[in-house]
Amino acid sequence: MIQAIAFYLFAFVVIASAVMVIFSRNPVHSVLWLILAFFNAAGLMLIAGAEFIAMLLVIVYVGAVAVLFLFVVMMLNIDFAELRAGLARYAAVGLALAVALVAEIVIAVSAWKVGGIELGRRIAATDESIPNIEAVGRLLYSRYLFAFEAAGLILLVAMIGAIVLTYRHRAGVKPQNINRQISRRSKDAVRMVDAPVGKGVEL
């Protein structure tokens, strides 16, 4: 009974905060609602018995991704009038995408219910004596090893692409020469001077 109440409570807060992420006029408020959604999703994972995924949600998404979003949004100079104009301009496209996503969700749920799949086959059979982290690790590094490596490669390409797109050549900035720094010798950079007393050093 308590688990059912907690499940519906967390689920309601997740849905409500997700709606507020979309409809909040202030982007900072949207990120804060997103953090609340992540926390309640972690609560749902705890109820489902997936403690490892719950900790990932809190540590990775709340502690890193959402906080990064918050800092980026706070540092950007956002023109809210321009955002509202863009929203009105692309409202039809957004509505079409929303209808398509809702239709896909309905089709997926309907196929899951009437697909003739037995309940025992929907859940991966694991030994109850094995912890969640060990079970996930065994699956990732055995059955889904190539998919796991492909996901890492995609993230690496995305990171390199973000660096290349945001890099700007500015005039008047002295670039760093790695080869020159490595090949520099101490006798070329340091000069030992025997300065007499009371006369100072000539530069």
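**Q** Any details on the packing of helix α1 (residues 2-23) against helix α2 (residues 27-48)? Residues and values, ideally.
**A** Direction vectors running N to C along α1 and α2 enclose 155°, while the axes themselves pass 8 Å from each other. As the angle between them shows, α1 and α2 are arranged roughly antiparallel. Crossing handedness for the pair α1 and α2: left-handed. Contacts between α1 and α2 pair Gln3, Ala6, Phe7, Phe10, Ala11, Val13, Val14, Ser17, Met20 and Val21 from the former with Ser30, Trp33, Leu34, Leu36, Ala37, Asn40, Ala41, Gly43, Leu44 and Ile47 from the latter. Its residues assigned to classes, the contact of α1 with α2 comprises 15 nonpolar, five polar and no charged.

**Q** Residue-level account of the packing of aromatic side chains, with values.
**A** By the definition in use, this model includes three aromatic pairs. Where Phe7 meets Tyr8, the ring centres are 5.5 Å apart and the plane angle is 75°; that geometry is what we call edge-to-face. Judged by relative accessible area, Phe7 falls into the partly exposed class, the value being 39%. Owing to a relative accessible area of 59%, Tyr8 belongs among the exposed residues under this scheme. On the basis of an interplanar angle of 70° and a centroid distance of 5.4 Å, the ring pair of Tyr141 and Phe148 is categorised as edge-to-face.

Conventions adopted
Residues numbered from 1 in each chain as written. Predicted model: local features only at pLDDT ≥ 70, side-chain atom pairs only at ≥ 80, totals over all residues. Heavy atoms only, no water. Axes fitted to C-alpha atoms, helices over the stretch in contact; angles between N-to-C directions. Helix = DSSP H or I, 4+ residues; strand = E, 2+ residues; numbered from the N terminus. Parallel < 35°, antiparallel > 145°, perpendicular 65-115°, else oblique. Left-handed = near helix turned anticlockwise from the far one by under 90°. Contact = heavy atoms within 4.5 Å. Nonpolar A, V, L, I, M, F, W, Y, C, P; charged D, E, K, R; others polar. Phe/Tyr/Trp six-rings, centres within 6.5 Å; stacked < 30°, edge-to-face > 60°. Buried < 20%, exposed > 50% of the residue type's maximum accessible area, 1.4 Å probe, protein only.

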